[in-house]
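Here is how the chains run, residue by residue.
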Amino acid sequence: MNFYNPIKAGLQGAWSMLRASVADADFKGQEQVLAEIDQTMNWQTTQDLQQLPEQLLSIRERCLRGRAPETVMARIDEVDEVLQDLPSD
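Since the model is a prediction, treat every value here as computed from it, not as a measurement.

Novice: How would you explain the pattern of salt bridges if you had to name every residue and give the values?
Specialist: Applying the stated criterion across every chain yields a total of 4 salt bridges. With a closest N to O distance of 3.1 Å, Glu36 and Arg62 form a salt bridge. Here Arg62 lies in helix α4 (residues 52–65) and Glu36 lies in helix α2 (residues 30–40), a separation of 26 residues in the sequence. When its relative accessible area of 15% is taken as the criterion, Glu36 is described as buried. A residue is classified by how much of its surface remains accessible, and Arg62, at 28% relative accessible area, is partly exposed. A salt bridge links Arg75 to Glu78; the nearest nitrogen and oxygen atoms lie 2.8 Å apart.

Next up, the structure:
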């Protein structure tokens, strides 16, 4: 079994919960954040796990500028926690 499979499953779940919280929220730039999350969650992007922290930072900054609610920011923190478990090459 590939040790990345559980990590990818955790990432997929965390990103999905982040997307749902953004979709349920109402803040400036929400549609752009949803588009960025969708792009990040696509198959090709998730094949290069090392890109994900940079993409999450971009999403975090966009949410901060748009004054996203705390529920969204908490989900971003959860995704970040999962990313911290990525093995470094």
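Novice: Break down the environment of Leu52 for me, citing the residues and quoting the values.
Specialist: Tracing the backbone through its elements, the reader meets Leu52 in helix α4. Separated by 12 residues in the primary sequence, Leu52 and Thr40 place their C-alpha atoms 7.4 Å from one another.

Novice: Break down the environment of Leu83 for me, with residues and values.
Specialist: Relative to the assigned elements, Leu83 resides in helix α5 (residues 70–84). The spacing of Leu83 and Pro53 is 30 residues in sequence and 6.8 Å in space, taken between C-alpha atoms. Not counting the four nearest positions on each side in its chain, Leu83 is found in contact with Leu11, Leu52, Pro53 and Leu56.

The rules behind the values
- Residues numbered from 1 in each chain as written.
- Predicted model: local features only at pLDDT ≥ 70, side-chain atom pairs only at ≥ 80, totals over all residues.
- Heavy atoms only, no water.
- Salt bridge = Lys/Arg side-chain N within 4 Å of Asp/Glu carboxyl O.
- Helix = DSSP H or I, 4+ residues; strand = E, 2+ residues; numbered from the N terminus.
- Buried < 20%, exposed > 50% of the residue type's maximum accessible area, 1.4 Å probe, protein only.
- Contact = heavy atoms within 4.5 Å.

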